[in-house]
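Structure at a glance
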Amino acid sequence: DIDVVVISLDSQPERWAAFQARNRAALENLRSVGVICDVLSGVDGADLHRQGLAGLQRLHDNGLIDLTNASTSSMSWGSLGTAASHRVLWKKAAVVNRPLLVFEDSACLDPSLHVALTDLLSDRPLTARGWDIVHLGWNLDTDVVCSCPGMH
């Protein structure tokens, strides 16, 4: 069993509508196996920008950025909002102790995603395999930097 959440901004409802239209077949196939997509109102980077230093300090206090590290301080406000949105969902997954599949509203889903998910989840729980995160897909328009202390 898995929860699926799409991050989308309330201020841009057309993006949620476009996600649903673009991924209609995949969403219908997921529903056919009992998986429903919910939407999370994402953290808007423009709001963080308006908050200025207070917004940056909140991200720093939540462990999302290191104000002393030049690489994180050069992130765009939109990227910071996206990171904060993902952080909200990571915390949710930890609290409910259930797998959580997260998409951003720009994602293009394969219509056969339901088959892969069924196969992935049918054997045994992901945590029993020692997995905390499974990354599905790729991103061709940005650099992704991930720091995972203790992982090789």
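For every chain, the first residue of the written sequence is number 1, and numbering continues from 1 onward in sequence order. Given that this is a predicted model, residues contribute local features only at a pLDDT of at least 70 and side-chain atom pairs are listed and counted only at 80 or more, while totals for whole chains, interfaces and linings are drawn from all residues. With hydrogens and water excluded, all non-hydrogen atoms of the structure serve as input to the side-chain values.

1. A few points about the nonpolar core
Note the cut-off: Nonpolar core, defined: a set of buried Ala, Val, Leu, Ile, Met, Phe, Trp, Tyr and Cys residues in which side-chain atoms within 4.5 Å join the residues together. Here the term buried applies to any residue with accessible area under 20% of the maximum for its type, exposed to any over 50%, and partly exposed to those in between, with areas from a 1.4 Å probe on protein chains only. The way it works is that DSSP assigns letters per residue, a run of H or I at least four long becomes a helix, a run of E at least two long becomes a strand, and they are numbered from the N terminus. Whether two residues are in contact is decided by their heavy atoms: any pair within 4.5 Å suffices.
Core analysis: the largest hydrophobic core is formed by 16 residues, its most contacted members being Val 4, Phe 19, Leu 30, Phe 103 and Leu 109. For this core, the elements supplying multiple residues, two or more each, are β1 (3-8), α1 (13-22), α2 (24-32), β3 (100-104) and α7 (113-122). Here this core takes three residues from α2, the largest share from any one element. If we skip the residues at most four places from it in the chain, Val 4 touches Val 35, Ile 36, Cys 37, Asp 38, Leu 101 and Phe 103. Counting six residues, the second-largest nonpolar core is a separate cluster that includes Leu 59, Leu 64, Ile 65 and Ala 84.

2. A few points about the side chain of Asp 44
To keep it simple, the criterion reads: Asp and Glu count as negative and Lys and Arg as positive, but His and the ends of the chain are not part of the count. Whenever Lys or Arg places a side-chain nitrogen within 4 Å of a carboxyl oxygen from Asp or Glu, that contact is recorded as a salt bridge. In protein, a polar contact means a hydrogen-donor-capable atom and an acceptor-capable atom, both N or O and within 3.5 Å, with residues adjacent in sequence counting only if both atoms are side-chain atoms; elsewhere, any N or O pair within 3.5 Å suffices.
Relative to the helices and strands, Asp 44 is located in the loop between β2 (37-41) and α3 (45-51). Among buried charged residues, Asp 44 stands out as having no salt bridge; its nearest opposite-charge side chain is Arg 50, 5.1 Å away. One polar contact links Asp 44 to Ser 11, side chain to side chain, over a distance of 3.2 Å. Excluding residues within four positions of it along the chain, Asp 44 makes contact with Leu 9 and Ser 11.

3. As for helix α6 (residues 77-96)
Selection criterion: The span you would expect from a helix comes to 1.5 Å times its residue count less one.
End to end, α6 covers 29 Å across 20 residues, agreeing with the expected 28 Å (1.5 Å per residue, within 8%). Every buried residue of α6 is accounted for by Leu 80, Gly 81, Ala 84, Ser 85, His 86 and Leu 89. The secondary structure elements touched by the buried residues of α6 are β1, β2, α3, α4 (53-61) and β3.

4. So, the confidence of the model for the chain
Predicted coordinates in regions of low pLDDT should not be interpreted in detail. Under the convention used in this document: One confidence number per residue, pLDDT, is output by the predictor and ranges from 0 to 100.
When pLDDT is averaged across the chain, the result is 81; 82% of the residues are at 70 or more. Mean pLDDT in the chain bottoms out at helix α5 (residues 70-73), which sits at 59, and peaks at α1, which reaches 96.

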